[in-house]
Amino acid sequence: MSYSNLPLINEDEFNAVRSSIGEKVMLMLEYYIEDTELYLEQIMDGYNNGDFQAILSAAHTLKSSSRQIGAVRLGQISSDIEEDGKALLEKGVEDVKELSVDIEQMPEIVSETLSIYKAKQ
Amino acid sequence: MSDDKIKTLIVDDDRTARLFLSTKLLKMSHEVFEAEDGQKAIDVLRNHKDLDLVILDKRMPYVSGISVVEFMNNDELLSKVPVIMVTGFNSDKDIKEGIDAGVFYYLAKPINEEVLESIVKSAEHDIRRRKTLTSELKKHKGSFGLIRQCTFELRTLDEAEGLAVFLSNCYPDPHKVVLGIWELLMNAVEHGNLSITYEEKTELLQKNKWKEELLRRQDLPEFSKKRVRVSFKRLDNDELELKIADEGKGFNWRKYIDVDPARAADNHGRAIAQAKSESFDDITYNDIGNEVTAITRVGEEIDW
């Protein structure tokens, strides 16, 4: 599935967070940028090492943090990875390569998303 | 009610979520503590048993939110601290797990500012109510253990508050029942006699006009003569029976006797389920829902 039809950022959602917490949004951006890079690493390492739990744990948190700050595309792919992975595990499938979500899209989506947020800092 | 700052612990492995929550709660004049995982939360809880509220992410690695709730449930003081469970609301199973663990407040991710304020205010109301009632309990010691039977009539919320404190002293553990008695009395007054619907209360709470509306209705001609009748009896089989009857048309109590996942994030509507879960051994309503019976089973040797 391609996520290019989804916006990278919903500016209204980001602005809602900014008006909600004021100047602390800059600190939130800093945290989000740093942590997203770590979560991406965790997801890709998990994918390469066949570690489902590592993938799902990182995808779960990345889904929530992305949606909180208006990162639509990244939030959606993270959600799809989580749901897809959970469904596979419930069926007893343990091979991460069975994930139908194309995890290889993650680095580019992360990079594009974080570029926008870095420009806001 | 007490105006002391509410002490709140925020537990989430995502620091952006912790930052958002702490910023909002500080604006709501809370004193805020943070923990980045379940184990650190347990460490904070061990050292701060005077915490008033915990906002807890359900899914965390290693020690989950449910495990933190189970830890709290095993502590006499912490078991009374309300928990707001933050969850993705991905399935009813998510909520059911929390309900089974005794969690009554829920918040969906991503966190909506207005919903957060509404749920926190709902929890604050219960926290302050519990503190007030608990401090009043200490003033009403006496020969309550000698009471076999008593009946009362009340009209207003203030009278309900006083009676809740008085009656709870008739129980082996007054602290356990005082809030449950209060909730059942309040339900009889506001929904029974004053005919405030669920939807009206939701809106009144959002606009911070709930108390004002109750006071207004209490004095209206169509409501001012209505009474709530209360009876307390110590039964021969070592049960304590509390009956509360209002003069309203009744309500669909079956919807509220247990926490419904569909209403888990509402700003009210959990009081009867909480009373049933935390204060009494059994609660039943008559068919139409304008009389409730709450039963407490006591042992033979009670230290009054």
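Computed from a predicted structure; not experimentally measured. (Residues numbered from 1 in each chain as written. Chains lettered and ligands numbered in written order. Predicted model: local features only at pLDDT ≥ 70, side-chain atom pairs only at ≥ 80, totals over all residues. Heavy atoms only, no water.)

Draft legend 1. Structural context of the overall build of chain B. The helix and strand inventory of chain B stands at 11 helices and 10 strands. Relative to the 2.2 N^0.38 estimate, which gives 19 Å for 304 residues, the radius of gyration of chain B is 20 Å and therefore close to what a compact globule would have. The principal-axis extent of the C-alpha atoms belonging to chain B is close to 55 × 45 × 35 Å. Counting across all 304 residues of chain B, residues that qualify as buried make up 52%. Of all intrachain contacts in chain B linking residues separated by at least 6 positions in sequence, the fraction that spans at least 24 positions is 64%. Taken as a whole, chain B presents about 14,100 Å² of accessible surface, with 46% of it coming from carbon and sulfur. Charge centroids of chain B, computed over 46 positive and 57 negative side chains, lie 2 Å from each other. (Helix = DSSP H or I, 4+ residues; strand = E, 2+ residues; numbered from the N terminus. Rg over C-alpha atoms; globule rule 2.2 N^0.38 Å. Buried < 20%, exposed > 50% of the residue type's maximum accessible area, 1.4 Å probe, protein only. Contact = heavy atoms within 4.5 Å. Areas by Shrake-Rupley, 256 points an atom, 1.4 Å probe, with all protein chains shown as cover. Lys, Arg positive; Asp, Glu negative; His and termini not counted. Charge placed at Lys NZ, Arg CZ, Asp CG, Glu CD.)

Draft legend 2. Seen up close, the interface of chain A and chain B. Facing 21 residues of chain A, the contacting portion of chain B comprises 16 residues. A combined buried area of about 1,800 Å² lies between chain A and chain B, and 53% of that area is made up of carbon and sulfur atoms. For the chain A face of the interface with chain B, the top three residues by lost area are Ser20, Tyr31 and Gln68 of chain A, together amounting to 29%. Taken together, the links from chain A to chain B amount to 3 salt bridges. For the salt bridge of Asp35 of chain A with Arg15 of chain B, the shortest nitrogen-to-oxygen distance reads 2.9 Å. At the boundary of chain A with chain B, the tally comes to 7 residue pairs in polar contact (both at pLDDT 80 or more). Among the elements of the structure, helix H1 (11-21), helix H2 (25-49), helix H3 (52-69) and helix H4 (72-90) of chain A are those that each provide at least two residues to the side of chain A that touches chain B. Of the residues belonging to the side of chain A that touches chain B, the class tally is 7 nonpolar, 6 polar and 8 charged. (Buried area = accessible area lost by both parts, 1.4 Å probe. Salt bridge = Lys/Arg side-chain N within 4 Å of Asp/Glu carboxyl O. Polar contact = N/O pair within 3.5 Å; in protein donor to acceptor, adjacent residues only side chain to side chain. Nonpolar A, V, L, I, M, F, W, Y, C, P; charged D, E, K, R; others polar.)

Draft legend 3. Just the sheet that holds strand E5 (residues 105-108) of chain B, in detail. Residues and elements named next belong to chain B. On the basis of which strands lie adjacent, the open sheet formed by 5 strands has the order E2-E1-E3-E4-E5 and parallel pairing. Strand pairing shows two members of the sheet lacking a second neighbour, strand E2 (31-35) and E5, which therefore form its edges. For this sheet, the mean angle separating the axes of adjacent strands, direction not counted, is 20°. Sheet topology places strand E1 (residues 7-11) next to strand E3 (residues 53-57); 4 bridges connect them, and they run parallel. (Pairing = 2+ DSSP bridges. Axes fitted to C-alpha atoms, helices over the stretch in contact; angles between N-to-C directions.)

Draft legend 4. Spotlight on H3 of chain A. Residue and element names in this part refer to chain A. The end-to-end C-alpha separation of H3 is 26 Å, in line with the 26 Å expected for 18 residues at 1.5 Å each. The element H3 is extensively covered by neighbouring structure, given that 15 of its 18 residues are classed as buried. For H3, the side-chain oxygen to backbone nitrogen distance between the N-cap and Gln53 is 3.2 Å, and the N-cap itself is Asp51. Of the residues trailing H3, Gly70 is marked for its positive phi of about 90°. (Expected span 1.5 Å × (residues − 1).)

Draft legend 5. Structural context of the nonpolar core. Ranked by internal contacts, the top residues of the largest apolar core, which has 60 residues, are Ile43, Leu74, Ile103, Met106 and Tyr117 of chain A together with Ile84 of chain B. Non-local contacts of Ile43 of chain A, meaning those with residues more than four positions away in its chain, are made with Ile55, Ala58, Ala59, Leu62, Ile103 and Met106 of chain A. Formed by 48 residues, the second largest nonpolar core is a distinct cluster that contains Leu137, Tyr198, Leu214 and Leu240 of chain B. (Core = buried A, V, L, I, M, F, W, Y, C linked by side-chain atoms within 4.5 Å.)

Draft legend 6. Expanded view of the packing of H2 of chain A against helix H1 (residues 15-27) of chain B. Interhelical geometry of H2 of chain A versus H1 of chain B gives an angle of 165° and a closest axis separation of 9 Å. Taken together, H2 of chain A and H1 of chain B sit at an angle that is classed as roughly antiparallel. Both H2 of chain A and H1 of chain B take part in a crossing whose hand is left-handed. On H1 of chain B, the residues that touch Leu27, Met28, Tyr31, Tyr32, Glu34 and Asp35 of chain A of H2 of chain A are Arg15, Thr16, Leu19 and Phe20 of chain B. Looking at side-chain class alone, the contact of H2 of chain A with H1 of chain B contains 6 nonpolar, 1 polar and 3 charged residues. (Parallel < 35°, antiparallel > 145°, perpendicular 65-115°, else oblique. Left-handed = near helix turned anticlockwise from the far one by under 90°.)

Draft legend 7. Representation of the pattern of salt bridges in the model. Residue and element names in this part refer to chain B. On inspection of all chains with the given rule, the structure shows 34 salt bridges over all chains. Put simply, Lys40 and Glu36 hold a salt bridge, and the shortest N to O gap is 3.7 Å. Between Glu213 and Arg216 there is a salt bridge, with its nearest N and O atoms 2.9 Å apart. Here Glu213 and its partner Arg216 are both found in helix H9 (residues 210-218), 3 residues apart, which amounts to about one turn of the helix. Residue class for Arg216 comes out partly exposed when judged on its relative accessible area of 45%. Through salt bridges with shared partners, a single ionic network connects Glu200, Glu213, Arg216 and Arg217.

Draft legend 8. A look at the environment of Thr284 of chain B. Residue and element names in this part refer to chain B. Turning to its location among the elements, Thr284 is positioned in strand E9 (residues 282-285). For the pair Thr284 and Lys243, spaced 41 residues apart in sequence, the C-alpha to C-alpha distance is 9.7 Å. The residues contacting Thr284, other than those within four sequence positions of it, are Glu291, Val292 and Thr293.

Draft legend 9. Just the packing of helix H2 (residues 38-47) of chain B against helix H3 (residues 65-73) of chain B, in detail. Residues and elements named next belong to chain B. Contact pair H2 / H3: the axes reach a minimum separation of 9 Å and the direction vectors enclose 20°. As far as their axial angle goes, H3 and H2 are roughly parallel. Crossing geometry of H2 relative to H3 is assigned as right-handed. Side by side, H2 and H3 meet where Gly38, Ala41, Ile42, Leu45 and Arg46 of the first sit next to Val68, Phe71 and Met72 of the second. Across the contact of H2 with H3, the residue classes break down as 6 nonpolar, 1 polar and 1 charged.

Draft legend 10. Here's a closer look at the confidence of the model for chain B. All names here are of chain B. The predicted model of chain B averages 90 in pLDDT, with 94% of residues at 70 or higher. The model gives residues 300-304 a pLDDT under 50, and that stretch makes 8 contacts with residues more than four places away or in other chains. Reported for the predicted complex are a pTM of 0.80 and an ipTM of 0.93. (pLDDT = per-residue confidence, 0-100.)

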